[in-house]
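# Coordinate analysis (summary)
As a plain string of letters, each chain reads:
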Amino acid sequence: MSEDKKSLNFIEHIIEEDLENGLSSDKLRFRFPPEPNGYLHIGHTKAIGISFGLGESYNAPVNLRFDDTNPAKEEQEYVDAIKRDISWLGYKWANELYSSDYFQKLYDWAVLLIKDGKAYVDSQSSEAMAEQKGTPTQPGVEGPYRNRSVEENLDLFERMKNGEFDEGEHILRAKIDMQHPNMLMRDPLMYRILKKSHHRTGNEWCIYPMYDWTHGESDYIEQVSHSLCSLEFKPHRPLYDWFKHNVYDYAKEDLPMLPKQREFARLNLSYTIMSKRKLLKLVEDGIVNGWDDPRMPTISGLRRRGYTPESIKLFIEKVGVAKRENVIDVSLLEFCIREDLNKSANRVMAVLDPVKVVITNYPEDKEEWLEAENNQEDESAGYRKVPFSREIYIEREDFKEEAGKKFFRLQLGGEVRLKNAYIIKAESVVKDENGIITEIHCTYSEDTEKKVKGTLHWVSIKHAIKAEVREYDRLFMNESPDAHKDKDFMEFINPNSLKIITGYVEPSLKDAEIGERFQFQRIGYFNVDDDSKSDKLVFNKTVGLRDSWAKQKPKPKQTNQNKPKQQPKRPAISIIQQLGKKYTNLPEEKQLRTKAEIQELAKKVSYEELEPWFGTAMKKVGTRIATLITLKVLLNTGQKRNDAINEFIQKCKDDKNDLLVKESADL
RNA sequence: UGGCCUAUGGUGUAACUGGUAACACGUUGGUUUUUGGUACCAAAGAGUCUAGGUUCGAGACCUAGUGGGCCAACCA
């Protein structure tokens, strides 16, 4: 038993409750059901994390089931991409399944529903049916084919399957209630004719089942215990249950478990979008370079950008699970990747906006290879050598001719440490005709023990390697680009989301491999892009380091001197009740300590304060025990018995909780 | 002329049986530091949308209101 069990989200509460009510934990089974019609994005990661995470914590199987009921949109390419992304995240599915595997079974059940008068073939145009369906505020009306005979329905449905009709001529509908307040219950479609080849079943079928009919029954066939999906499927639940209960009659011997659909709020991330359709538009319009563009919120984009599976899992864990609409601040995602990379990424030096420094007292032809620690967060990362010479690059913004005391970097007459090397002092500058500094002349000192405030990164000019560096900014300039009714999300596109620059990196990076991640010291985390070649390195900036210096520039806001409010002293009785609330959950030893604490506090409680607590609800045993302990203290210190006390004691004696009975035994 | 869901610091999530709000990110200070990073310490910031009600006691339960979301694809 873990001491402090971490708080559960509402889905975990539901599962715990089911388990308490007799569901055997070996019956737990989950699934992740993507439609193979696009790439997975960070929003899907939440759903993946929930179902696969539950599978891990309850040691239950999780199926990967492709909801492939619409051959018009689905492709094998997406199946492969989805499998790749889930595997990359580190999850293992129990079975790789397809809804299309169940087409025959679904068909057989549909025939049974027809026979039972619970489904019928409709032969109207989609417009006519839409009209009869009504609107959310107006009930629907029944169509002319609703009461066809079972025989006719059976005949038509079979001929639909046999390909005797064209697309749109007939459909199969469930017969439920055209007046139902929930529009999904107004005789929803179960099958449509689609003369398209399916990525798995080829031309075997020309009728395809709809989502509601397929999804729930697939869950049922797989004996999924908890079918978790996002909030927009909440209105589908009555239909999910309707199908489920009707099919149960046909299959209950083989398939005893009735799955339970529960819905959670999907993930939204600030400054980006999560709609597959809209992401596709960014790809098609050439706003980004494909689904895996590092600016995309897709899993493949994040991977290329340098995110790790661990960082994404951490993020999902921190985001939580609930039922209200939410927008997560990207700063949380950035925190998670920094958290991970700080521990694992080797430090290297790279100068992205160089200015030349000449160390005038360092010999022209001398060079030294100095030792540098790879990662001070990880001793096993070891050391490497970096070359030093008379001419180096530093970052242009690390030098000012004159600056204040708060500028810890290089200024004329000032000293600064070069990381892993010497301390230098700026003596003079050389400028071009426009007044731009082209060289900074410095002298160095070999005394590296000296205290100096600033430390700069640098590269030796003659040893440095040129590299292409891609810096990314948010894709949209609005926090919720697709949440505006009057504005299209495309209006918010940030035209400067990609900046390509040439940087100079230390020579140890020469053989860096695609995907390898580094910290460019004092700048940020970078990884080697897929486009990188041995003669032309390409780096992506994953995320910058936190920069509290940059934050100083916007002037400090006024501090509101709010006096800390005087906390009124809490009455002892209130603390006692709080202790009591947890009492029954405590391990025995702690219980004894708590009891002593209550007895101590009880000395400060008056009878008048205590009496109202006699009315505590029966089920709150802990609180009643605490009350009883307190009462006993009062009785020992002279409180007389009265009716209320006697009644309370009697109730305690009669209780079915042992602890409470035991506590009242000596009264 | 409807139905369903939802409302807790800036953001997200907690608060198990009703017992007077916690954690994380962010923010602000400080300590350490050969990264203005990391680590560590501290602080500010909500009295739980509003109004009634039940109760000795409500963030939690009930009713109504208000705000937000979802529902009218032969999509999933």
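Before any of the text, the structure's been laid out above.
My aim in this report is to walk through the structure given alongside it, one point at a time. (Residues numbered from 1 in each chain as written. Chains lettered and ligands numbered in written order. Predicted model: local features only at pLDDT ≥ 70, side-chain atom pairs only at ≥ 80, totals over all residues. Heavy atoms only, no water.)

## Section: the protein's contact with RNA strand B
- Around RNA strand B sit 83 residues in total, of which Thr69, Arg324, Arg347, Lys581 and Trp613 are the nearest.
- Here, RNA strand B places atoms within 4 Å of the protein, and 54% of those atoms are sugar or phosphate.
- Between RNA strand B and Glu377 there is a distance of 2.9 Å, counted from a base nitrogen to a side-chain nitrogen or oxygen.
- In this structure, Lys406 approaches RNA strand B through a main-chain N or O atom, which is 2.8 Å from a base nitrogen.
- No other element matches the five residues that helix α13 (residues 572-583) contributes to the surface near RNA strand B.
- Along the lines of polarity and charge, the residues of the surface near RNA strand B split into 24 nonpolar, 30 polar and 29 charged. (Near = heavy atom within 4 Å. Polar contact = N/O pair within 3.5 Å; in protein donor to acceptor, adjacent residues only side chain to side chain. Helix = DSSP H or I, 4+ residues; strand = E, 2+ residues; numbered from the N terminus. Nonpolar A, V, L, I, M, F, W, Y, C, P; charged D, E, K, R; others polar.)

## Thoughts on a positive patch on the surface
- Residues Lys581, Lys582, Lys619 and Lys620 make up a contiguous surface patch of positive charge.
- For Lys619, the position within the fold is in the loop between α15 (607-610) and α16 (621-636). (Patch = residues over 30% accessible without salt bridge, like charges linked within 9 Å, V, L, I, M, F, W, Y side chains within 5 Å. Areas by Shrake-Rupley, 256 points an atom, 1.4 Å probe, with all protein chains shown as cover. Salt bridge = Lys/Arg side-chain N within 4 Å of Asp/Glu carboxyl O. Lys, Arg positive; Asp, Glu negative; His and termini not counted. Charge placed at Lys NZ, Arg CZ, Asp CG, Glu CD.)

## Here's the deal with the nonpolar core
- Counting residues in each nonpolar core, the largest one holds 48 residues, and the members touching the most others are Ile11, Ile86 and Phe315.
- Of all the secondary structure elements, the ones that give two or more residues to this core are α1 (10-20), β1 (30-32), α2 (42-57), β2 (62-66), α3 (76-89), α10 (299-305), α11 (309-319) and α12 (330-344).
- Not counting residues up to four positions away in its chain, the partners in contact with Phe315 are Ile42, Leu267, Leu269, Ile328, Leu332, Leu333 and Cys336. (Core = buried A, V, L, I, M, F, W, Y, C linked by side-chain atoms within 4.5 Å. Buried < 20%, exposed > 50% of the residue type's maximum accessible area, 1.4 Å probe, protein only. Contact = heavy atoms within 4.5 Å.)

## A look at the environment of Lys499
- With respect to the element layout, Lys499 can be found in strand β24 (residues 498-505).
- Since its relative accessible area comes to 48%, Lys499 is described here as partly exposed.
- As a C-alpha pair, Lys499 and Glu471 span 28 residues in sequence and 5.1 Å in three-dimensional space.
- The residues touching Lys499, leaving out its near neighbours within four places in the chain, are Val469, Arg470 and Glu471.

## Structural notes on the packing of helix α4 (residues 103-115) against helix α7 (residues 211-221)
- Between α4 and α7, whose axes approach to 11 Å, the crossing angle comes to 110 degrees. In this view, α4 runs roughly perpendicular relative to α7, as classed from their interaxial angle. Residue-level contacts link Lys105, Leu106, Trp109, Ala110 and Leu113 of α4 to Trp213, Thr214, Glu217, Tyr220 and Ile221 of α7.
- Classifying every residue of the contact of α4 with α7 by side-chain character gives seven nonpolar, one polar and two charged. (Axes fitted to C-alpha atoms, helices over the stretch in contact; angles between N-to-C directions. Parallel < 35°, antiparallel > 145°, perpendicular 65-115°, else oblique.)

## Re the packing of aromatic side chains
- Under the criterion given, the structure shown has 25 aromatic pairs.
- Grouped by ring-pair contacts, the aromatic residues Phe103, Tyr107, Phe157, Tyr191, Trp205 and Tyr208 constitute a single cluster.
- Here the basic side chain of Arg200 rests over the ring of Tyr98, its NZ or CZ set 3.5 Å away from the ring centre.
- Of note, Arg303 hangs over the ring of Trp88, and the distance from its end group to the ring centre comes to 5.2 Å. (Phe/Tyr/Trp six-rings, centres within 6.5 Å; stacked < 30°, edge-to-face > 60°. Lys NZ or Arg CZ within 6 Å of the ring centre and 35° of its normal.)

## A closer look at the side chain of Asp293
- Inspection of the secondary structure puts Asp293 in the loop between α9 (276-284) and α10.
- From its side chain, Asp293 meets the backbone nitrogen of Asn289 in a polar contact 2.8 Å long.
- If we ignore the near neighbours within four places in the chain, the residues touching Asp293 are Val288 and Gly301.

So yeah, pure geometry; function would need other evidence.
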